[in-house]
Amino acid sequence: MLTEVDRLLVATPDAAAGVSAWKRVLGAEEVRRDSVPELGAVRTVVRAGRSDIEFLQPDGTGPVADALARRGRAHVWAAGAASTDPAAAARIARSAGARVEAEGDRYHVELEIEGAPIRFVVSPEGEREPAGRLDFLYEATVLAADQAGAVAKIRDAFGLDETGFTTITSELFGYTGVLTLFRPGQLHRFEVITPIDPTKTMGRYHSREGASFYMGFAEAPDLTVIEAAIPVGGVTIDRPEGRPPSLNPDQVWIHPPTLGGVMLGVSRPSMAWTWSGYPERVIPL
């Protein structure tokens, strides 16, 4: 029923700064401003590839203001997915114990994972005019200590088929994880990660924040252009030894201060299949 990760929602005290950063680094374009009374926030939406990034700035009391007060800085507040039938997806989530609220033709879904509110938005499928240097988002990452429990909650809330899930482990970054793929053979998923090394960046983040969204991941055709737009120290680059700088790295991680509070991984086309169950689909450079 879910078809793709189509947006990230960012709680921020300064939407203008976040919007400016996405425009500068990724060529994103502003497409809409409005208010969301249900969230007590003003919303500014930018298009990045075929995906949307929604900056939510509090205009009073409400869940966005509460989240900022609790976390103290801009952060990924929710992840969004498109659905062939959002109303049916909302019914499944509600029957699985999620808190569900309608906002027009889309639905806010809140799961409690390890005492924390983990929020999602389910929207109708739709064509979007692409903008900027990304192609599309395909992943949003949730950190949780009880990996199996968090995966089960997401699986049940969105009616996902776990036979299509795949596991992932990284000694370099110190974690194990599960990719809750929406559909067989497609990249889009929510990722549930459990840090296993508290000394590494992800482990320190989880120790500080608990269960929470950590980052998003996107694909882009030309990572060299993105590299060039980021100040020194604002990005981590994974370029295999011997590959010249004129060719794409395999992936980059853009640090949160660079993108208004969002940690964003960006992989070159097809590279994500390396860890997504179909490594034979990776196109060599």
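Let us look at the structure shown here. (Residues numbered from 1 in each chain as written. Predicted model: local features only at pLDDT ≥ 70, side-chain atom pairs only at ≥ 80, totals over all residues. Heavy atoms only, no water.)

Turning our attention to helix α1 (residues 15-26). In this model, α1 (12 residues) spans 16 Å end to end at C-alpha, consistent with the 16 Å of a helix rising 1.5 Å per residue. Of all the positions in α1, only Ala-15, Gly-18, Val-19, Ala-21, Trp-22, Val-25 and Leu-26 are classed as buried. Projection of α1 onto a plane perpendicular to its axis shows the buried side chains occupying an angular sector of 160°, all on one side. Just beyond α1, the residue with positive phi is Gly-27, at close to 65°. (Helix = DSSP H or I, 4+ residues; strand = E, 2+ residues; numbered from the N terminus. Expected span 1.5 Å × (residues − 1). Buried < 20%, exposed > 50% of the residue type's maximum accessible area, 1.4 Å probe, protein only. Arc of directions from axis to C-beta.)

So, about helix α4 (residues 147-158). Taking 1.5 Å as the rise per residue, α4 with 12 residues should run 16 Å; its terminal C-alpha atoms sit 17 Å apart, in good agreement. Those residues of α4 that fall on the buried side of the exposure criterion are Gln-147, Ala-150, Val-151, Ile-154, Ala-157 and Phe-158. Across the axial projection of α4, the buried residues extend over an arc of 135°, all falling on one side. Positive backbone phi, approximately 60°, marks Gly-159, located one or two places after α4.

Here we come to the packing of aromatic side chains. Using the criterion set out here, one finds 11 aromatic pairs in the structure. With a centroid separation of 5.1 Å and 75° between ring planes, the pair formed by Phe-120 and Phe-158 is classed as edge-to-face. With Phe-120 in strand β8 (residues 116-124) and Phe-158 in helix α4, the pair connects residues that are 38 residues apart, well separated along the chain. Judged by relative accessible area, which is 1%, Phe-120 ranks as buried. An aromatic cluster is defined as three or more aromatic residues linked by ring pairs; in this entry it consists of Phe-120, Phe-158, Phe-182, Phe-190 and Phe-213. Looking at Arg-281, its charged tip hangs above the ring of Tyr-278, at a distance of 4.1 Å from the centre. (Phe/Tyr/Trp six-rings, centres within 6.5 Å; stacked < 30°, edge-to-face > 60°. Lys NZ or Arg CZ within 6 Å of the ring centre and 35° of its normal.)

Any functional reading would require information beyond the geometric quantities listed.
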